[in-house]
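Per-entry structural report
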Amino acid sequence: KRDAWSSLTMKITGAFLLLVLYNALVARASVVENFRECKHFLYKGTPPLGILGDQLKKICQRYASEPRYVTLYDPAKHIPVYSAYTFKKSDGEKRVDYPWMYEPQLATSKGSGNMEPFPRSNMHQNFEDTQAVLQDYADVVLYERGHLNPNQHQSEPNDKAATYTLTNVVPQVREFNIGPWFQHEDRIRRRLNNYCRGQAYVITGVTTSGNMIRRDNIDRVAIPEYMWTAYCCTDYDRNAPFYVRYKFPSFAAYGLNDRVNNHVVELPIKRLETFLKNKMDVDKDFQLFYRDCVP
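Remember, it's a predicted structure, so these values are computed and weren't measured experimentally.

Basis of the calculations
- Residues numbered from 1 in each chain as written.
- Predicted model: local features only at pLDDT ≥ 70, side-chain atom pairs only at ≥ 80, totals over all residues.
- Heavy atoms only, no water.
- Helix = DSSP H or I, 4+ residues; strand = E, 2+ residues; numbered from the N terminus.
- Buried < 20%, exposed > 50% of the residue type's maximum accessible area, 1.4 Å probe, protein only.
- Contact = heavy atoms within 4.5 Å.
- Areas by Shrake-Rupley, 256 points an atom, 1.4 Å probe, with all protein chains shown as cover.
- Pairing = 2+ DSSP bridges.
- Axes fitted to C-alpha atoms, helices over the stretch in contact; angles between N-to-C directions.
- pLDDT = per-residue confidence, 0-100.
- Disulfide = S-S within 2.5 Å.

Topic: the overall build of the chain
Across its full length, the chain carries seven helices and 13 strands. Relative to its 295 residues, the chain shows a buried fraction of 52%. A sequence separation of at least 24 residues applies to 68% of the contacts in the chain between residues at least 6 apart. Accessible surface, the chain: about 15000 Å² in total, of which carbon and sulfur atoms supply 51%.

As for the sheet that holds strand E11 (residues 250–256)
Judged by pairing direction, the sheet is antiparallel, and its seven strands sit side by side in the order E2-E3-E4-E9-E10-E11-E12 without closing on themselves. A single partner strand is all that each edge strand has here, and the edge strands are strand E2 (57–63) and strand E12 (264–267). Ignoring strand direction, the axes of neighbouring strands in this sheet form an average angle of 25°.

What to know about the confidence of the model for the chain
On average, residues of the chain carry a pLDDT of 89, and 86% of them reach 70 or more. This model gives residues 19–33 a pLDDT under 50, and the stretch forms eleven contacts once residues within four places in sequence are excluded.

Focus: the environment of Ser 155
Mapping Ser 155 onto the fold places it in the loop between strand E7 (143–147) and helix H4 (157–161). On a C-alpha basis, the gap between Ser 155 and Phe 87 in space is 8.8 Å, while along the polypeptide they are 68 residues apart. Once you skip the residues sitting within four places of it in the chain, Ser 155 turns out to touch Lys 88, Lys 89 and Lys 160.

Points about the state of the cysteines
One pass over the structure, following the stated rule, counts three disulfides. Here Cys 196 is linked by a disulfide to Cys 233, with a sulfur-sulfur distance of 2.1 Å. Sign of the S-S torsion, about 100° for the bond between Cys 196 and Cys 233, identifies this disulfide as right-handed. In this pair, Cys 196 sits in the loop between helix H5 (174–195) and strand E9 (201–215) while Cys 233 sits in the loop between strand E10 (218–232) and helix H6 (242–245), placing the two residues 37 residues apart along the sequence. Residue classification places Cys 196 among the buried residues on the basis of a relative accessible area of 1%. Cys 233 gets classed as buried once you look at its relative accessible area, which sits at 0%. The residue that forms a disulfide with Cys 232 is Cys 293, at a sulfur-sulfur distance of 2.0 Å. Linking Cys 232 and Cys 293, the disulfide has an S-S dihedral of approximately 85° and is accordingly described as right-handed. One end of the pair, Cys 232, is in strand E10; the other, Cys 293, is in the segment after strand E13 (282–287), with 61 residues separating them in the sequence. With its disulfide-bonded cysteines labelled consecutively along the sequence, the chain is connected as 1-2, 3-5, 4-6.

In structure tokens, the structure reads:
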């Protein structure tokens, strides 16, 4: 009887593990398939090249059944590596009356592929295993939820709402988030509003150094060391003043995610790539925009 029970237990365990593996593979296939719907948010339909990490997930961020932008997500660190989006001319109004959302497609193949508002009850462990949840930020004092795709760079209400998912935010030091980084986001908004004549593509991401937000004595969310961003606009105003014109068709920036020494440095995109090669797990072919946004 004992041998029969052990055999039955092993079969049940094996079947369960196969089911878990199957769901994970189907979910991953769903993520990859959905990502193709978001290629138009990338310059020449090409994501950044040379970023290493088999565990990273490409997400087509969908809201109200429409694709909104692209995110490369790290389910181990529970933060995005970058979000890539198309800039929409905006007056800079910041809407904050949207619910925070999560990404079902990271954990399950079921559902519509749309981001969804967090439920009032506790979430299934599958979701906590693959992404950050509201509880991770609940008792954190030093850090705020900082957007990679900021709603000030979008104009339509649904596009703004779609930025309020935890797969698009990272822990930012408050003084940096509301100070130098916000000022830079607004500076880019005004620059692209005034001088970009065509479509502007933006990629914003992070580097990490190992520091984590912990909950219940478990490492939960990686804390960025640096924030970085770059834009590409090949159709721009050739009559713009030189102090602006030389920052087209592309330019970039980075800043230290800290309370001090957190000024944002603007620089050419090739210099940002050189900087990131020493801060991120990338190969020698690392490139943010196809052919460095050379028209």
